[in-house]
Amino acid sequence: VYRVWRGLGQIAAFNEDCDRAPRPVIALRQALAQADAVLFATPEYNASIPGALKNALDWASRPVRSNPLREKPVAVIGASEGAFGAIWAQAELRKVLRTIGARVDERELVVPRAHHAFAADGALLDQDLASALRAIVHGVLDTTCRRAA
Ligand SMILES: Cc1cc2nc3c(=O)[nH]c(=O)nc-3n(C[C@H](O)[C@H](O)[C@H](O)COP(=O)(O)O)c2cc1C
């Protein structure tokens, strides 16, 4: 089963001086901890990832040693309106996730011209991109299953 996490808008600005993490942050950490693997889909904002996503990852990265992304199989995909945009955003996100300690799948899925790339039901129109996405999802699931075995 997969779950889409929609809590990003509830996450307050990171503050390490908080005695207790805010409730939405606890929910984020629990969702990450419960997941066997995480697929990050990001747009590109000004050649990087959206601030809200970075902020959520900063929260998720603490406490350092027991953070819920440590050793977690993750993959990164992304879309941008520009032709090359999502490449940079994905590179940035991979860097952050590696720093946090996640096991980052090196395969990329770069969807350029995002405003023309999807059908009304959300499916990718380009069949090569669609099969690349399937390969990434299966790759992360394989890593997860090997870990569990
Ligand atoms: C503040 C902002 C900055 C953006 N910067 C870039 C960019 O540097 N390169 C690019 O190709 N697209 C850029 N975009 C377009 C987004 O990648 C595109 O809108 C995205 O696919 C849609 O995701 P969203 O609904 O989360 O905005 C930017 C969009 C916003 C709102």
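The structure we're discussing is the one just above.
Calculation rules
Residues numbered from 1 in each chain as written. Predicted model: local features only at pLDDT ≥ 70, side-chain atom pairs only at ≥ 80, totals over all residues. Heavy atoms only, no water. Helix = DSSP H or I, 4+ residues; strand = E, 2+ residues; numbered from the N terminus. Rg over C-alpha atoms; globule rule 2.2 N^0.38 Å. Buried < 20%, exposed > 50% of the residue type's maximum accessible area, 1.4 Å probe, protein only. Contact = heavy atoms within 4.5 Å. Areas by Shrake-Rupley, 256 points an atom, 1.4 Å probe, with all protein chains shown as cover. Core = buried A, V, L, I, M, F, W, Y, C linked by side-chain atoms within 4.5 Å. Polar contact = N/O pair within 3.5 Å; in protein donor to acceptor, adjacent residues only side chain to side chain. Phe/Tyr/Trp six-rings, centres within 6.5 Å; stacked < 30°, edge-to-face > 60°. Near = heavy atom within 4 Å. Nonpolar A, V, L, I, M, F, W, Y, C, P; charged D, E, K, R; others polar.

Visitor: I'm lost on the overall build of the protein in this one. Help?
Guide: Secondary structure summary: the protein contains five helices and four strands in total. Reading the secondary structure of the protein in the N-to-C direction produces α-β-α-β-α-β-β-α-α. Compactness check: the protein gives a C-alpha radius of gyration of 16 Å against a globular reference of 15 Å for 149 residues, within 12% of the reference. Along the first, second and third principal axes, the C-alpha atoms of the protein reach 50 × 40 × 25 Å. Within the protein, the proportion of its 149 residues that are buried is 38%. When contacts within the protein are restricted to residue pairs at least 6 apart in sequence, long-range pairs at least 24 apart make up 71% of them. In the structure as shown, the protein presents an accessible area of about 9,300 Å², 54% of it carried by carbon and sulfur atoms.

Visitor: Would you explain the nonpolar core in this entry?
Guide: In summary, soluble globular proteins display a tendency toward joint burial of nonpolar side chains. Among the nonpolar cores identified, the biggest contains 22 residues, and Phe 40, Leu 57, Leu 69, Val 74, Leu 93 and Leu 97 are the most heavily contacted of them. At the level of secondary structure, the elements contributing two or more residues to this core comprise α1 (23-34), β1 (38-43), α2 (51-60), β2 (73-79) and α3 (85-100). Beyond its immediate sequence surroundings of up to four residues, Leu 69 is in contact with Leu 32, Phe 40, Leu 57, Ala 60, Val 74, Leu 97, Ile 100, Gly 101 and Ala 102. The next biggest cluster of nonpolar side chains, apart from the first, holds 12 residues, and it includes Ala 75, Ile 77, Leu 109 and Ile 136.

Visitor: What is the right way to look at the side chain of Asn 55 in this model?
Guide: Positionally, Asn 55 belongs in helix α2. Within polar-contact distance, the side chain of Asn 55 engages the backbone oxygen of Ala 12 at 2.8 Å. A polar atom in the side chain of Asn 55 sits 2.8 Å from the backbone nitrogen of Phe 14.

Visitor: Explain the packing of aromatic side chains to me, please; I cannot follow it from the model alone.
Guide: Two aromatic rings are characterised by how far apart their centres lie and by the angle between their planes. As enumerated under the stated definition, the model contains one aromatic pair in all. Taking the centre distance of 5.0 Å and the plane angle of 75° together, the rings of Phe 14 and Trp 59 count as edge-to-face. Taken together, the residues Phe 14 in the segment before α1 and Trp 59 in helix α2 connect sequence positions 45 residues apart. Using a relative accessible area of 30% as the deciding quantity, one classes Phe 14 as partly exposed.

Visitor: Help me out: how do you make sense of unusual backbone geometry in this one?
Guide: In this chain, Arg 62 is followed by Pro 63 through a cis amide linkage whose omega measures -10°. Along the chain, the position of Pro 63 falls in the loop between α2 and β2. Backbone geometry at Asn 46 places phi at a positive 50°, although glycine is not the residue there. One non-glycine residue, Ala 47, lies in the positive phi region at around 65°. Within the secondary structure, Ala 47 is located in the loop between β1 and α2.

Visitor: What's the story with the site of the ligand in this structure? I'm lost.
Guide: Surrounding the ligand, one finds 11 residues, the nearest of these being Glu 44, Tyr 45, Asn 46, Ala 47 and Gly 82. A distance of 2.2 Å separates a nitrogen atom of the ligand from a polar atom in the side chain of Glu 44. Here Gly 82 contributes a backbone N or O atom positioned 3.0 Å from an oxygen atom of the ligand. Considering the ligand on its own, with 620 Å² of exposed area, one finds that the protein chains cover 54% of that surface. Split by residue class, the shell around the ligand holds five nonpolar, four polar and two charged.

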